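Examining the three-dimensional arrangement
Here's the letter readout for the chains.
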Amino acid sequence: MKTNFLIAALVSVSFFSCSDDDSKGKSDFKLFTSSNTSGKVTISDLSLTTPSVMSFTIPSMDTDGVFYDNESDEIILASRTNNVLEAYGNIEEAMMNASTSLSLSYASTSNFNNPREVAVSGDKVVVTQDQNAANSNTNKLLVYQKTATGFTLLNDYTVNFKNWGIFLNGNTLYATADLTGDIVVFENFFSNANGPITPTKRFTVEGLVRTHGIFFSAKDNRMILTDVGAATSDSDGGLIVINNFTSVLSATANLGTIPVSSQVRVYGPNSSLGNPVDVTYDYKTENIYVAERLNGGGKLLTFALPTATADANPSASRMEAGISSVYLLRK
């Protein structure tokens, strides 16, 4: 979200942990990754006793913000090649038949340029537009309604911060303010009228140089963030975990700062973190999956949930050229 990767690159005691349902071979524990250089999406089926990894060629060479709709069996992503939302269907069939490519089911109209992330809540799909010359240096959040046959643009919002990662928790949207260490919160996000919108709260994460990836786990109240540091460095990135996040957020004033003392941090050369552009997390296994874009040309890194700040080694690492986003399905 290539040819098949070596299974050995995935096998790790801390990488996989199957529930009773998982052990029955149900396809309900999958990891999806996308790339902005290879024109492929990759699916890791973690529900199997021996996990499988399959890659599929798609028409868009440069994609971001991968998501899998389990109900419709479709991959949704933002095409940076075509500046549209794209949907690819019949994923289970493609996996069973060992297909090498996916066919485009449908796409949105082109309402944005330079997308960076996708977030989904129900039938609503939110896309970030990151500023560049082609879009008159305008940062946007666009809301589409997904139907069985297409995407309909519902809302077009402009924001006063540079876009990258977003995450939806129901009607609350969390966003990273690129080029800063700030996180932006929009409560009742879908209630906004078109045009400029103002966040409910903005706060700084102390010590975070440049935010990109963001994931909130409501199951165990954890916020996980990535820090890409300097864009040209392949070794200065990091992971930040904020436990008891809603309490920490409530105690932080608007334009306030969450101190390092409220964070658990993974930084250092052993981590292989340089430009971690996206992140997801499995609350059952307590594994963190990171799309590391720069180190080695692209890697999918897996970390056990850190309990103390340290330079931690990833529990698993898989080369994946141009990896740009990661999404975990756990049903």
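The preceding data block contains the structure.
So, here's what we can say about the structure. A quick note: this is a predicted structure, and the numbers were derived from the prediction, not measured. (Residues numbered from 1 in each chain as written. Predicted model: local features only at pLDDT ≥ 70, side-chain atom pairs only at ≥ 80, totals over all residues. Heavy atoms only, no water.)

**Details of the nonpolar core**
Using the following cut-off: Take the buried residues of types Ala, Val, Leu, Ile, Met, Phe, Trp, Tyr and Cys, join any two whose side-chain atoms come within 4.5 Å, and each joined set is a nonpolar core. In this scheme, a residue with accessible area under 20% of its type's maximum is buried, one over 50% is exposed, and one in between is partly exposed, where area comes from a 1.4 Å probe on protein chains only. The helix and strand labels rest on DSSP assignments: H or I over at least four residues marks a helix, E over at least two residues marks a strand, and numbering proceeds from the N terminus. Should any heavy atoms of two residues lie within 4.5 Å, those residues are considered in contact.
Of all hydrophobic cores here, the largest spans 31 residues; its most connected members are Tyr-174, Leu-225, Leu-239 and Ile-288. Tallying contributions element by element places strand β19 (residues 238-243) first for this core, with four residues. Apart from the residues within four sequence positions on either side, Leu-239 is in contact with Ile-224, Leu-225, Thr-226, Val-264, Arg-265, Val-266, Tyr-267, Leu-273, Val-279, Ile-288, Val-290 and Phe-303.

**Re unusual backbone geometry**
Even without glycine at this site, Asp-73 takes up a positive phi of about 55°. A relative accessible area of 16% places Asp-73 in the buried class. Positive phi outside glycine occurs at Ser-272, with the angle close to 65°. Within the secondary structure layout, Ser-272 lies in the loop between β21 (264-267) and β22 (276-282). You can call Ser-272 buried: its relative accessible area is 17%.

**Here's the deal with the sheet that holds strand β16 (residues 201-205)**
Put simply, the rule is: Any two strands are treated as partners once DSSP identifies two or more bridges connecting them.
Read from one edge to the other, the open sheet built from five strands follows the order β12-β13-β14-β16-β20, with strand pairing classed as mixed. The strands lining the two open edges of the sheet, one partner per strand, are β12 (163-169) and β20 (257-258).

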